[in-house]
Amino acid sequence: MTTQPKSNRKLLTMLILGAVGMFGFGFALVPLYDVLCDALGINGKPQGTASTYEAVIVDESRTVTVEFIAHVQSGMSWEFIPTVNRIEVHPGQLTHAKFYAKNLSSKDTVGQAIPSVSPGQGAAYFNKTECFCFNQQPLAASASAELPLIFYVDPDLPESINTLTLSYTLYDITAKVGGGLKQGAAK
Amino acid sequence: MSTTTHDTVAAHDDHHHGAPKGIMRWLLTTNHKDIGSMYLWFSFIMFLTGGAMAMVIRAELFQPGLQLVEPNFFNQMTTVHGLIMVFGAVMPAFTGLANWLIPMMIGAPDMALPRMNNWSFWILPFAFAMLIGSLFMEGGGPNFGWTFYAPLSTTYSPDTTGLFVFSVHIMGISSIMGAINVIVTIVNMRAPGMTWMKLPLFVWTWLITAFLLIAVMPVLAGAVTMVLTDKYFGTSFFDAAGGGDPVMFQHIFWFFGHPEVYIMILPSFGIISAIIPAFSRKRLFGYASMVYATASIAILSFLVWAHHMFTTGMPVFAELFFMYCTMLIAVPTGVKVFNWVATMWRGSMTFETPMLFALAFIILFTIGGFSGLMLAITPADFQYHDTYFVVAHFHYVLVTGAVFSIMAAAYYWLPKWTGHMYSETLGRWHFWCSVISVNVLFFPMHFLGLAGMPRRIPDYAIQFADINQIVSIGGFAFGLSQLIFLAVVIKCIRGGEKAADKPWEGAEGLEWTIASPAPYHSFTTPPEVK
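Numbering of residues starts from 1 in each chain and follows the order in which that chain's sequence is written. Each chain is given a letter, starting from A, and each ligand a number, starting from 1, according to the order in which they appear as written. Owing to the predicted nature of the model, reporting of local features is limited to residues with pLDDT of at least 70; listing and counting of side-chain atom pairs is limited to 80 or more, with chain, interface and lining totals taken over all residues. By convention in this description, side-chain values take in all heavy atoms of the structure and omit both hydrogens and water.

What counts is decided by this rule: UniProt positions are given in the numbering used here, feature names are shortened, and annotations may be inferred rather than shown by experiment.
An unreviewed UniProt entry annotates chain B as Cytochrome c oxidase subunit 1 originating from Shewanella gaetbuli. UniProt, in the comment section headed Pathway (unreviewed entry), describes chain B in these words: "Energy metabolism; oxidative phosphorylation." Under the UniProt heading Catalytic activity (unreviewed entry), the note attached to chain B is "4 Fe(II)-[cytochrome c] + O2 + 8 H(+)(in) = 4 Fe(III)-[cytochrome c] + 2 H2O + 4 H(+)(out)".

By the naming in an unreviewed UniProt entry, chain A is Cytochrome c oxidase assembly protein CtaG, taken from Shewanella gaetbuli. Heading Function (unreviewed entry) of the UniProt record for chain A holds this comment: "Exerts its effect at some terminal stage of cytochrome c oxidase synthesis, probably by being involved in the insertion of the copper B into subunit I." Listed in UniProt under the heading Subcellular location (unreviewed entry), the comment for chain A reads: "Cell inner membrane".

## Here we look at the sheet that holds strand β2 (residues 78-82) of chain A
Hydrogen bonds between backbone atoms are what pair the strands of a sheet, whose relative direction is either parallel or antiparallel. Residue and element names in this part refer to chain A. Here is the rule we go by: Any two strands between which DSSP finds at least two bridges are classified as paired. Secondary structure elements are defined from DSSP: runs of H or I of at least 4 residues count as helices, runs of E of at least 2 residues count as strands, and each element is numbered from the N terminus. Where helices are involved, their axes are fitted lines through C-alpha atoms of the stretch in contact, as for all axes, and angles between N-to-C directions lie from 0 to 180°.
Here four strands make up an open sheet; going across it, the order is β2-β4-β8-β6 and the pairing antiparallel. Only two strands of the sheet have a single partner each, and these edge strands are β2 and β6 (126-131). Each strand axis lies, on average, 25 degrees off the axis of its neighbour in the sheet, ignoring direction. Here eight bridges tie strand β4 (residues 95-103) to strand β8 (residues 144-153), and the two strands are oriented antiparallel to one another. Residue pairing in the sheet places Thr95 in a bridge with Phe151 of β8.

## Let's talk about the UniProt feature "domain: Cytochrome oxidase subunit I profile" (unreviewed entry) in chain B
Per the UniProt record, "domain: Cytochrome oxidase subunit I profile" (unreviewed entry) is annotated on residues 26-530 of chain B. For the annotated span residues 26-530 of chain B, helix accounts for 68% and strand for 0% of the residues, and the straight-line distance between the end C-alpha atoms is 36 Å.

## Regarding the packing of helix α8 (residues 201-232) of chain B against helix α9 (residues 246-263) of chain B
All names here are of chain B. Stated formally: In this scheme, roughly parallel covers angles under 35 degrees and roughly antiparallel covers those over 145, while 65 to 115 is roughly perpendicular and the rest are oblique. Handedness of each helix crossing follows the sense of rotation of the near helix against the far helix: counterclockwise by less than a right angle gives left-handed, clockwise gives right-handed. Whether two residues are in contact is decided by their heavy atoms, any of which lying within 4.5 Å being enough.
Here α8 crosses α9 at 150 degrees, and the two axes come no closer than 9 Å. Looking at the two axes, α8 sits roughly antiparallel to α9. Note on packing geometry: the crossing formed by α8 with α9 is left-handed. Two secondary-structure elements touch here, α8 through Thr209, Leu212, Leu213, Val216, Met217, Val219, Leu220, Ala223, Met226 and Val227 and α9 through Phe249, Ile252, Phe253, Phe255, Phe256, Pro259, Glu260, Tyr262 and Ile263.

## Details of the packing of aromatic side chains
Residues and elements named next belong to chain B. We count it as follows: Stacked, tilted and edge-to-face pairs are distinguished by plane angle, under 30 degrees for stacked and over 60 for edge-to-face with tilted covering the rest, among Phe, Tyr and Trp rings (Trp via its six-membered ring) whose centres lie within 6.5 Å. The classification of residues rests on relative accessible area computed with a 1.4 Å probe and restricted to protein chains. Under 20% of the type maximum is buried, over 50% is exposed, and intermediate values are partly exposed.
On inspection of all chains with the given rule, the structure shows 60 aromatic pairs over all chains. Look at Trp146 and Phe253: their rings are 5.5 Å apart centre to centre, the planes differ by 70 degrees, and that puts the pair in the edge-to-face class. A residue pair is termed long-range when its members are at least 10 positions apart, and Trp146 in the loop between α6 (124-133) and α7 (161-188) and Phe253 in helix α9 qualify at 107 residues. This pair shows no difference in class: Trp146 is buried, exactly as Phe253 is.

## Focus: the domain arrangement of chain A
In plain terms, the rule: For the purposes of this description, domain bounds are those given by an automatic or database domain assignment.
Annotation of chain A at the domain level lists domain 1 (1-40) and domain 2 (64-178). For domain 1 of chain A and domain 2 of chain A, the distance between their C-alpha centroids amounts to 40 Å.

## As for the interface of chain B and chain A
So the rule is basically this: Contacts described as polar in this section are N or O atom pairs within 3.5 Å, which, within protein, must combine one atom able to donate a hydrogen with one able to accept it, while residues neighboring in sequence count only if both atoms come from side chains.
Contact residues are listed per partner, giving 39 residues for chain B and 34 residues for chain A. Here chain B is connected to chain A by two residue pairs in polar contact (both at pLDDT 80 or more). Elements that contribute at least two residues to the side of chain B that touches chain A include exactly α7, α8 and α9 of chain B. Per-element accounting of the side of chain B that touches chain A gives the leading share, nine residues, to α8 of chain B.

## Notes on the confidence of the model for chain B
Applicable threshold: The quantity called pLDDT is the predictor's confidence in a given residue, expressed from 0 to 100.
A residue-level look at chain B finds 96% of positions with pLDDT of 70 or above and a mean pLDDT of 94. Under a pLDDT of 50 for its full length, residues 1-16 of chain B has, in the predicted model, five contacts with residues more than four places off or in other chains.

## Some remarks on the domain arrangement of chain B
Residues and elements named next belong to chain B. For clarity, the cut-off: Buried area: the accessible area, evaluated with a 1.4 Å probe, that two parts lose upon being put together, summed over both parts. Between Lys or Arg on one side and Asp or Glu on the other, a salt bridge is scored when a side-chain nitrogen of the former is within 4 Å of a carboxyl oxygen of the latter.
When its domains are assigned, chain B resolves into domain 1 (22-257) and domain 2 (265-514). Using C-alpha coordinates to define each centre, domain 1 is positioned 19 Å away from domain 2. Carbon and sulfur atoms make up 78% of the area that domain 1 and domain 2 hide from each other, which totals about 4800 Å². Considering only the side of domain 1, the residues that lose the most area to domain 2 are Arg58, Phe62 and Leu201, jointly responsible for 14% of the buried surface there. Where domain 1 packs against domain 2, one counts zero salt bridges. Taken together, the connections running from domain 1 to domain 2 amount to 10 residue pairs in polar contact (both at pLDDT 80 or more). Residue assignment for the side of domain 1 that touches domain 2 shows that the elements contributing at least two residues are α3 (32-60), α4 (71-106), α8 and α9. Looking at the side of domain 1 that touches domain 2, the element that brings in the most residues is α4, giving 13 residues.

Right under this line is the structure:
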């Protein structure tokens, strides 16, 4: 490369830096994606931490249907179901719900439930003051547990949304926890 | 620059007068023509390899039910067919054409970075040896589609996924090095008087393509790296259980993937813009608008990626944004098509093989463009998504688009490369066999897709049987037709009518001012461009 004319070397350096920069940009897309989804309230990703309930005015004139769905990652032998499939709530009303989980396998397993709200635009208005999804759920072999959820729907929920569907997918994270839980760059 | 540098360069040139013989000539060569030829041959071998996999796919789909291959092997065939055709056939063919033609078109003696040029070619065979080799290993090769969506490529992928990842890394490094070389050559090595707006359009389109490559190939490298660490090192980029998001994979992939589509078509636009004027014996209509249209397409290509993902549950606003941006691309593309048509208007046209392929390109690529517009309509896309309509669409733009333009380029410049005229009779046979069979192959796929046949599935409902049989017959015929092309090229290299320096009456450009075949070292003293 030492025999390259100066202008070649300058341009070459710039182009290589550009390529390396774009490699970095690929990884920068990961936090950027989370930030954008958060800021715009898209993707149906509800907030990952508990919100506080501050005596919100309950809008008695309006009723919103909240539906619950539970999935288990394929290959994971747990039973995981909502105890109630749908509730009618007034926006602002603090509501309790329960999910039931049972470890059907003969091994101690750690589960992690990941919530998702549909329609995606409603996710920002679905507030959980307490949720089992904020923690990992260790269950000994054949053990079962009731998993609590306390939530309220923000009264600012757009008029166009009458039904919110809260879906949980339960993942087996035993291996990851065993090896020291790695959160990955995504969080 | 010091005088010693001059001396060493001169001594170097003397030493290599004529080409060294044997295998070492090809291993060590830094000559742009040698490297261009190797790229083109490599690309053709990959075209036949990927084509053979397509034959397996079409043989399996000849009848409903499973007859020839296991579903898992079928998935490996669709995956590796896609990867080979994109990264092994189309992209190296364009790089090969760039190597051969750009220095001759801008009056430069060689590419700016000849040793890097050697490297960027010679790492490619290793990448594809790894990729194809993984097919024969336990657990099989990649089976998750060329788009390797997570979690198919992470949680559910075969153990050989690491080999896939590294082979994509190598392909990416090769393309980036090739792109850097093209940019440095075009920016620094133009002959005196070769101003920007005098550059042949093939050079312009390749310059813009090279910038796209540098912008997005590293993002692809990042995506495969994330797949690698998610699968083997416990990260959770795309794993919801660890806080990641599989939909994010699609965003990152298509941020690369959509500009990639234009990487595979912009050089075609340059080729067609050289051939249509030559055989219409008129100057290209609207040169400047062609340059601006190419640049606009390149910029817009960064704003449309999510049209591949309309069904992932995006907010309506985003769907509309990506729908309108996608449709906007039809404007600069339309400018190009109308410019080509206007170039032919009242030209004294003749229909030699390169022109036939170029004309077929304009018509058939436009069909592919229109089906692309249909797919861009968000509500319609919900029906077309992941059906054979999509398969028909991208094969119209990539086979009758990119591949036809590469064929046109090969016929157009073969006399310059080999010093012999190719057999016009055989060339026409190749053209007519290809153009008929390719439409029998891909056109009925539109109907299959509209009727709801999903892509990437080895079996189908019985009502699709007749059309699939027609499609498969077209596929076999198209595959066999390409052997005529091989025969034409070999025959042309071995002999034939002596080609004039400028064998095409209407051709323009510096490459026609040097002898045919092009001497091993050309433009050692730069020409004066007026």
